[in-house]
Amino acid sequence: MHRTEDAMIVLEGVGKRYEDGSVAVRDLSLSVPRGSLVALVGPSGCGKSTTLKMVNRLIEPTSGRILLDGQDILKADPVSLRRGIGYVIQQVGLFPHQSVRENVATVPTLLHWERKKARARADELLDLVGLDPASYADRYPHQLSGGQRQRVGVARALAADPPVLLMDEPFGAVDPIVRGRLQDEFLRLQQELGKTVLLVTHDIDEAVRLGDRVAVLANGGDLRQYDSPAAVLGAPADDFVAEFVGADRGLRRLAVTPIDVDELETAPVVREDTPLDEVRRRAAASDVPWAIVVDASDRLVGWIGAEHLASADTLRARPMEATLHRTATLKDAWSVMLRYDAGWVAVLDDDRRFLGVLTPESLHAALRRSVRTTEPSSIG
Ligand SMILES: Nc1ncnc2c1ncn2[C@@H]1O[C@H](COP(=O)(O)OP(=O)(O)OP(=O)(O)O)[C@@H](O)[C@H]1O
Ligand SMILES: [Mg+2]
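A brief report on the enclosed structure follows. (Residues numbered from 1 in each chain as written. Chains lettered and ligands numbered in written order. Predicted model: local features only at pLDDT ≥ 70, side-chain atom pairs only at ≥ 80, totals over all residues. Heavy atoms only, no water.)

**Overview of the site of ligand 1**
- Among the twelve residues in the neighbourhood of ligand 1, the closest are listed as S44, G45, K48, S49 and T50.
- Within the side chain of S49, a nitrogen or oxygen atom sits 2.8 Å from an oxygen atom of ligand 1.
- In this structure, an oxygen atom belonging to ligand 1 sits 2.5 Å away from a side-chain N or O atom of T50.
- Contact with the protein chains hides 61% of the accessible area of ligand 1, taken as 650 Å² for the molecule alone.
- Of the residues forming the shell around ligand 1, the biggest block, three residues, is contributed by helix α1 (residues 48-55).
- Considering only residue class, the shell around ligand 1 consists of three nonpolar, seven polar and two charged. (Near = heavy atom within 4 Å. Polar contact = N/O pair within 3.5 Å; in protein donor to acceptor, adjacent residues only side chain to side chain. Areas by Shrake-Rupley, 256 points an atom, 1.4 Å probe, with all protein chains shown as cover. Helix = DSSP H or I, 4+ residues; strand = E, 2+ residues; numbered from the N terminus. Nonpolar A, V, L, I, M, F, W, Y, C, P; charged D, E, K, R; others polar.)

Right, here's the structure in full:
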């Protein structure tokens, strides 16, 4: 196990043997880079929660060493250690007799913040996780939906602005649609906050969606692969990982592979103020019966087809809905193609400037490229 300069959490040969002799984690080494989100994934009982709880010393390791920002956690005072680490527990665990605001202000209160400051911080965080404090701060947990409770759990973990966040199945207790929305919200939040996050899930889709890196564990905290999501899906290290990520891992890979803007196909493009005669001349010379129409700043206006050109007296572009932002994934691209029954999709930048088109052929090529560039790397 090498320790890199910017590792925030380092596990070195960590083990947990319970008094009854059962071994939850045998010998786990793992390093979480500062500012990144690492997803620990594996079957039920493989030692994920145990691993997480050893980092904030809710469970004491029986062997090995854990470093937090370079400091051995066993030498730190457990109470102050925990206050510097946000923790979202499995099943949310809000205090039922405290209001939402009091729940969120738990750690600031423990830290003896001034009451007004703690309240203001709680309201700020509720806002951040999408709950209007005016409507929600004074409610009690039982007056919230499952998704809202999970948002409160995330807000509570962020309250004292800890650099490190441990999350145990943070979006586990809600239906798949709410979960997807919470995951999106959390990704946006994390982009802003840049915390170091160790997140536990048994859901491979959640792991590859949220994780910068994914650690796949087998029973006893046995680390089988530690890699980018695309590599775990595209090049599983062994049969266990392959089985765990599932036979439809190819489909899953679509969701974690971005489109490659440098590999887009070109398309005939005309400016909306181009004289019609000129457009017709170019259309006759083109080998596709359509063209993209852009304005003077290259922003997409729409498209025109050859049949329209034949009879038109002005260049009137048809609106085009089959578009994608440059940061979209291959899955987004397929989904747009299917939704609009489109043979090609226009890719746009932040200002809706036209960058090129994607076709089913180019998508297939992109998927093949992504396998070639994701050979499994060594563990650790
Ligand atoms: N107090 C304990 N005494 C003995 N064994 C324990 C104790 N707590 C947990 N274990 C065992 O340690 C193993 C790992 O448990 P852990 O909670 O870490 O699993 P997990 O990967 O989080 O599972 P899940 O996905 O179901 O939450 C399990 O086999 C569990 O039965
Ligand atoms: Mg668990």
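**Here's the deal with the sheet that holds strand β9 (residues 213-218)**
- Strand order in the open sheet formed by six strands is β6-β7-β8-β3-β9-β10, with mixed pairing between adjacent strands. Looking at the sheet topology across the chains shown, the edges are occupied by β6 (85-88) and β10 (222-227). Adjacent strand axes in the sheet meet at a mean angle of 15 degrees, parallel and antiparallel pairs treated alike.
- Both strand β3 (residues 37-41) and β9 contribute to a ladder of four bridges, which runs parallel. If you follow V38 over to β9, its bridge partner there is R213.
- Contacting β6 and β7 (164-168), helix α7 (residues 146-158) crosses the sheet at an angle of about 165 degrees to β6. (Pairing = 2+ DSSP bridges. Axes fitted to C-alpha atoms, helices over the stretch in contact; angles between N-to-C directions. Contact = heavy atoms within 4.5 Å.)

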